[in-house]
Amino acid sequence: METERIALSQRERDRLEVLHEVKHKHLTQVEGARRLKVTDRHVRRMLIRIGECGDGGIVHRLRGRPSNRKLAMSLEQKILAQIRRRYGDFGPTLAAEHLAKDGLPVSRETLRKWMIQSALWRPRSKRAKAVHVWRERRAGFGELVMQDSSPFRWLEDRGPACQLIALIDDATSRIWARFAEHDSTEENLRTLGGWLRRYGRPLAHYTDRNSIFRTTRPAQLAEQLRGHPARTQFGRALNELGIEWIAAHSPQAKGRIERLFETLQDRLVKEMRLAGIDTIQAANQFLELHFIPEWEQRFTVAPRQPRNAHRPLGPDHRLEEILSVRVARQVAQDHTVSWEGNRWGVLREEVRAGLRGAQVEIERRLDGSHWLRFRGRYLRLQHCPEPPPRRKTNNRN
């Protein structure tokens, strides 16, 4: 008998894994509900459905069907055209009132969403007086991981100035860190990759509002068509990995990793001084082989929940592709694309039909290689040297 295949999203696979743990008494229904961010009553409903329909019961019954309450796309386009024509500088609430007078009724919250997606309105940031109180650690290893970087004279006067990019688990204080010359997107992705390969995918990732993690640009057309908000390269990688991103609103809100840097700026600097470390490469080797193992023995704490909340990397999680920098480009007639002042060409044997003039993505991976993403396939790119300057001709006889 042929085995039934069930198409599940990554979110549904993660949810099914938690439900199986509840079913086999590895988790309580209350703990499972907290992990899934639902009520324990809904957990019981899902367990009943899985018992009746098998693992396919996790799939929402309305999948593939448009909502009965969804407004027609033609109405949305008509309303947005009216806003551009008459209410371009209106907020959603006032615009909704005037649209109703024009015979185009729509709720202000629906209109707010449409206007944000179309870059017609930007929500104001709420500035409330921050109140910082003590917060209990998360219960399990991998429930929340914090990431930040610290510019400091880590090598004192013996070596170059550098950044320390670090991650710390909120429940256990387990750390992973790397030294880098610059606090760039690529270096932050590379450091995140080290954690993922060692422990798996945490449930949530906590960072500050640096431009590496948060963008203020409006969503691009491709993002709007997919229903995604505007994301940075780092945010896109977290989304593809199924990791929730949480942004800190102040340095005090990420106090655990701030205190980590205070400790490292004292302890680690002196340890590397004694070891005579004077290069970034030697510093990273010292971190991985000596300092971090000693830290885990002395400074990590036991979590309240012994189960590891990290999820394993699946076959769809190809880190070399996910932890990369991607940009959208159009292929020229000579099968080349331009990025950051350089031209890149597709190898002759990899040219595909329809490639000329196509909208594609260039992917720069952490190993320095460049790839072109076209219709779900990867084509290797090679750097095209600049053409030699034209020789000036002398028209004198």
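Residues numbered from 1 in each chain as written. Predicted model: local features only at pLDDT ≥ 70, side-chain atom pairs only at ≥ 80, totals over all residues. Heavy atoms only, no water.

(A) Main features of the pairing of strand β11 (residues 377-384). Where strand β8 (residues 342-346) and β11 come together, four bridges link them in antiparallel fashion. Within the sheet, the bridge partner assigned to R343 lies in β11 and is C384. Of the pairings in the sheet, the one linking strand β10 (residues 370-374) to β11 comprises four bridges and is antiparallel in character. Bridge pairing in β11 places L372 opposite L379. (Pairing = 2+ DSSP bridges. Helix = DSSP H or I, 4+ residues; strand = E, 2+ residues; numbered from the N terminus.)

(B) Main features of the sheet that holds strand β4 (residues 204-207). Strand order across the open sheet formed by five strands is β3-β2-β1-β4-β5, with mixed pairing between neighbours. Among the strands making up the open sheet, the edge pair consists of β3 (175-180) and β5 (244-247). On average, each strand axis in the sheet is tilted by 20 degrees relative to the strand beside it, whichever way the strands run. Across two bridges, strand β1 (residues 145-152) lies against β4 in parallel orientation. Residue pairing in the sheet places M146 in a bridge with Y206 of β4. Along the sheet, helix α7 (residues 185-199) contacts β1, β2 (162-169), β3 and β4; its crossing angle with β3, the most-contacted strand, is approximately 150 degrees. (Axes fitted to C-alpha atoms, helices over the stretch in contact; angles between N-to-C directions. Contact = heavy atoms within 4.5 Å.)

(C) Focus on the packing of aromatic side chains. Considering all chains together, one arrives at nine aromatic pairs under this definition. Linked through ring pairs, F141, W195 and Y199 together constitute an aromatic cluster. Against the face of F141 rests R174, its NZ or CZ located 4.7 Å from the ring centre. The lysine or arginine in question, R365, covers the ring of Y378, its NZ or CZ lying 5.0 Å from the ring centre. (Phe/Tyr/Trp six-rings, centres within 6.5 Å; stacked < 30°, edge-to-face > 60°. Lys NZ or Arg CZ within 6 Å of the ring centre and 35° of its normal.)

(D) Structural detail: the packing of helix α5 (residues 92-101) against helix α6 (residues 108-117). For the pair α5 and α6, the least separation of the axes is 9 Å and the interaxial angle reads 115 degrees. Like other packed secondary-structure pairs, α5 and α6 cross with a definite hand, here right-handed. On α6, the residues that touch P92, T93, A95, A96 and L99 of α5 are R108, L111, R112 and M115. Tallied by class, residues from the contact of α5 with α6 come to six nonpolar, one polar and two charged. (Left-handed = near helix turned anticlockwise from the far one by under 90°. Nonpolar A, V, L, I, M, F, W, Y, C, P; charged D, E, K, R; others polar.)

(E) Up close: the packing of α7 against helix α9 (residues 233-241). Interaxial distance between α7 and α9 falls to 10 Å at its minimum, and their mutual angle equals 25 degrees. Here α9 runs roughly parallel to α7, going by the angle between their axes. For the element pair α7 and α9, the recorded crossing hand is right-handed. Residues T185, N188, L189, L192 and L196 of α7 lie in contact with α9, whose contacting residues are Q233, F234, A237, L238 and L241. Grouping the amino acids of the contact of α7 with α9 by side-chain chemistry returns seven nonpolar, three polar and no charged. (Parallel < 35°, antiparallel > 145°, perpendicular 65-115°, else oblique.)

(F) Structural context of unusual backbone geometry. Despite not being glycine, K25 shows a phi value in the positive range, around 65 degrees. The backbone of E340 sits at a positive phi, close to 55 degrees, despite the residue not being glycine. As for its position among the elements, E340 is in the loop between β7 (336-339) and β8. The class of E340 is exposed, set by a relative accessible area of 57%. (Buried < 20%, exposed > 50% of the residue type's maximum accessible area, 1.4 Å probe, protein only.)

(G) Fine view of the nonpolar core. Of all hydrophobic cores here, the largest spans 48 residues; its most connected members are W154, L164, F179, L268 and M272. In this view, W154 contacts C162, Q163, L164, F179, F261, L264, Q265, L268, V269 and M272; residues no more than four positions away in its chain are not counted. The next biggest cluster of nonpolar side chains, apart from the first, holds 15 residues, and it includes V325, V331, W344 and F374. (Core = buried A, V, L, I, M, F, W, Y, C linked by side-chain atoms within 4.5 Å.)

(H) Representation of the sheet that holds β8. The sheet built from six strands is open, its strands ordered β6-β9-β10-β11-β8-β7 with antiparallel pairing. What marks the edges here is a single partner per strand, and that holds for β6 (324-330) and β7. This sheet shows a mean twist of 35 degrees between the axes of neighbouring strands, independent of strand direction. Two strands pair when backbone bridges link them, and β7 and β8 are joined in this way by four bridges, in the antiparallel orientation. Bridge assignment links S338 to a residue of β8, and that residue is R343.

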